[in-house]
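Per-entry structural report
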Amino acid sequence: MNGEWDEVFDVVVAGSGAGGFAAALTAASEGASVLVLEKAATTGGTTRKAAAWFWILNNRFMREAGIEDPKDDALRYLARLSRPALYSPDEPFLGIPQDEYQALETFYDRGDEAIAALEKIGALEPAAGLDFPDYSAHLPENTPKRGRVLWPAAGGGGQTGGQEILARFHQAADQLGVEVRTATPVTIP
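Being a predicted model, the structure only gives us computed values, none of them experimental.

**Observations concerning the sheet that holds strand β6 (residues 179–181)**
- Across the sheet, which stays open at both edges, the three strands sit in the order β1-β2-β6 with parallel pairing between neighbours. Looking along the sheet, the strands with just one partner apiece sit at the ends: β1 (11–14) and β6. For this sheet, the mean angle separating the axes of adjacent strands, direction not counted, is 15 degrees.
- Bridging between strand β2 (residues 34–37) and β6 involves three bridges; their strand directions are parallel. Its bridge partner being in β6, Leu37 is matched across the sheet by Arg181.
- The sheet strands contacting helix α1 (residues 18–29) are β1, β2 and β6, and the helix crosses β2 at an angle near 170 degrees.

Structure follows, in structure tokens:
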């Protein structure tokens, strides 16, 4: 290689599932030039086969319905679920490593904001399952026990949710100038 690139992008995303597309669309909405590379012949990976329910703490639908999701309780619940062997409610950072605790805080603080950002650029229209209980609703740390489940509105919570998310992501990608290439695996030398 002579040190010159054939193409240059600000951001290159490997994979076109919900996570990869969300990252690509977010970067493009902030003005970056973005390329998405997908090894399969079609986009979406396992997202294409999923109902595409997503779990967002203290989301706006909960707040609008008067369902409280206190941060301290939510962090205890997350720490207990993610690191049950380390979880200690009386320890700093609930017994888990500080960086993991901070990641859980960020998920609580920014999850709904991330959904709103995708809505703003036309990549997502969520609906809420306010009556659906959490899988571990029996744990005392889980105070609201319900309301955190969201899904793409067009999918109605059914098995086509992943396909609905991908259709919206593709529309947003076209509008934002995100280039998507399928049958293009990423290899790192």
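**Focus on the nonpolar core**
- Formed by 26 residues in total, the largest nonpolar core has its most connected members in Leu25, Val34, Phe54, Ala123 and Val178.
- Of all the secondary-structure elements, those providing two or more residues to this core are α1, β2, α4 (98–120) and α5 (161–176).
- Of all the elements, α1 adds the most residues to this core, at six residues.
- Among the nonpolar cores identified, the runner-up in size contains eleven residues, and Leu57, Ala74, Leu78 and Tyr108 belong to it.

**With respect to the pairing of β2**
- Neither face of β2 is open: one carries Val34 and Val36, the other Leu35 and Leu37, and all of them are buried.
- In the sheet, β1 pairs with β2 via four bridges, with the strands oriented parallel. Directly across from Val13, in β2, lies its bridge partner Val36.

**A few points about the side chain of Glu38**
- Considering the arrangement of structural elements, one finds Glu38 in the loop between β2 and β3 (54–55).
- Buried and unpaired, Glu38 has Lys39 as its nearest opposite-charge partner, separated by 6.5 Å.
- Among the polar contacts made by the side chain of Glu38, one reaches the main-chain amide nitrogen of Ala40 at a distance of 3.0 Å.
- If near-sequence neighbours (up to four positions away) are discounted, Glu38 is found in contact with Gly15, Ser16, Thr43, Arg181, Thr182, Ala183, Thr184 and Pro185.

**Let's talk about unusual backbone geometry**
- Phi at Phe93 takes a positive value of approximately 60 degrees, unusual for a residue other than glycine.
- Along the chain, Phe93 falls in the loop between α3 (71–82) and α4.
- In this structure, Ala183 takes a positive phi of about 55 degrees despite not being glycine.
- Considering the arrangement of structural elements, one finds Ala183 in the segment after β6.

What counts as what
Residues numbered from 1 in each chain as written. Predicted model: local features only at pLDDT ≥ 70, side-chain atom pairs only at ≥ 80, totals over all residues. Heavy atoms only, no water. Pairing = 2+ DSSP bridges. Helix = DSSP H or I, 4+ residues; strand = E, 2+ residues; numbered from the N terminus. Axes fitted to C-alpha atoms, helices over the stretch in contact; angles between N-to-C directions. Contact = heavy atoms within 4.5 Å. Core = buried A, V, L, I, M, F, W, Y, C linked by side-chain atoms within 4.5 Å. Buried < 20%, exposed > 50% of the residue type's maximum accessible area, 1.4 Å probe, protein only. Lys, Arg positive; Asp, Glu negative; His and termini not counted. Salt bridge = Lys/Arg side-chain N within 4 Å of Asp/Glu carboxyl O. Polar contact = N/O pair within 3.5 Å; in protein donor to acceptor, adjacent residues only side chain to side chain.

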